[in-house]
Amino acid sequence: MMYRCLSMLVVCCLLAFAGCDAANPGKWPKETVEAKLTNSLTLTEISLSPKEGGFSGTGVASDGETFKLEITQDPVAKKMVCEATGDRGTLEERVYDLD
């Protein structure tokens, strides 16, 4: 009985820690990053490639402006920063963190 309770406690702890990683913007996978940026920058198209410490790529806004995207992820700080530079001179920055 004691071993069963201990096993359940270990499983609960592992699930709790796994959930924390999913919420950490510094660890978001490509699909999550694309979804967040598509929504916040009102993009109709997005293409990201992995790079050390994040992603880089391009996106097209609903008004036709093309953006160069540079995404930096910091898992320790639980933070992601996106710098978007538009071909019409628009500069956008999005910061996602847990603090």
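Conventions and cut-offs
- Residues numbered from 1 in each chain as written.
- Predicted model: local features only at pLDDT ≥ 70, side-chain atom pairs only at ≥ 80, totals over all residues.
- Heavy atoms only, no water.
- Helix = DSSP H or I, 4+ residues; strand = E, 2+ residues; numbered from the N terminus.
- Buried < 20%, exposed > 50% of the residue type's maximum accessible area, 1.4 Å probe, protein only.
- Areas by Shrake-Rupley, 256 points an atom, 1.4 Å probe, with all protein chains shown as cover.
- Pairing = 2+ DSSP bridges.
- pLDDT = per-residue confidence, 0-100.
- Contact = heavy atoms within 4.5 Å.
- Salt bridge = Lys/Arg side-chain N within 4 Å of Asp/Glu carboxyl O.

Enquirer: How do you make sense of the overall build of the protein when you look at a structure like this?
Expert: For the protein, the count of helices and strands is 2 helices and 5 strands. In the protein, the succession of α and β elements from N to C terminus is α-α-β-β-β-β-β. Relative to its full complement of 99 residues, the protein shows a buried share of 26%. As displayed, the protein has an accessible area near 6600 Å², and 59% of this comes from carbon and sulfur atoms.

Enquirer: Sorry, what's going on with the pairing of strand β1 (residues 43-51) here?
Expert: Side-chain direction in a regular strand flips from residue to residue, so the side chains alternate between the two faces of the sheet. Where β1 meets strand β2 (residues 54-61), 8 bridges bridge the pair, whose relative direction is antiparallel. Bridging across to β2, Glu-45 finds its partner in Val-60. Counted between consecutive antiparallel strands, the loop separating β1 from β2 contains 2 residues, among which Gly-53 sits at a positive phi close to 85°.

Enquirer: It is not clear to me how the confidence of the model for the protein should be interpreted in this structure. Could you clarify?
Expert: Detailed reading of predicted coordinates is not advised where the pLDDT is low. Looking at the protein as a whole, the pLDDT averages 86, with 79% of positions reaching at least 70. Here residues 3-20 scores under 50 on pLDDT; set against residues more than four positions off or in separate chains, the count is 0 contacts.

Enquirer: Looking at this model, I keep getting lost on the pattern of salt bridges. Mind explaining?
Expert: Where charged atoms from two side chains of opposite charge approach closely, those side chains can pair. Applying the stated criterion to the full structure yields 3 salt bridges. Across the pair Glu-70 and Lys-51 runs a salt bridge, and its minimum N-O distance is 2.8 Å. One end of the pair, Glu-70, is in strand β3 (residues 66-74); the other, Lys-51, is in strand β1, with 19 residues separating them in the sequence. Note on Glu-70: relative accessible area 27%, which makes it partly exposed. Here Lys-51 falls in the partly exposed class, since its relative accessible area comes to 33%. The residue Arg-94 makes a salt bridge to Glu-92 at a minimum N-O spacing of 2.8 Å.

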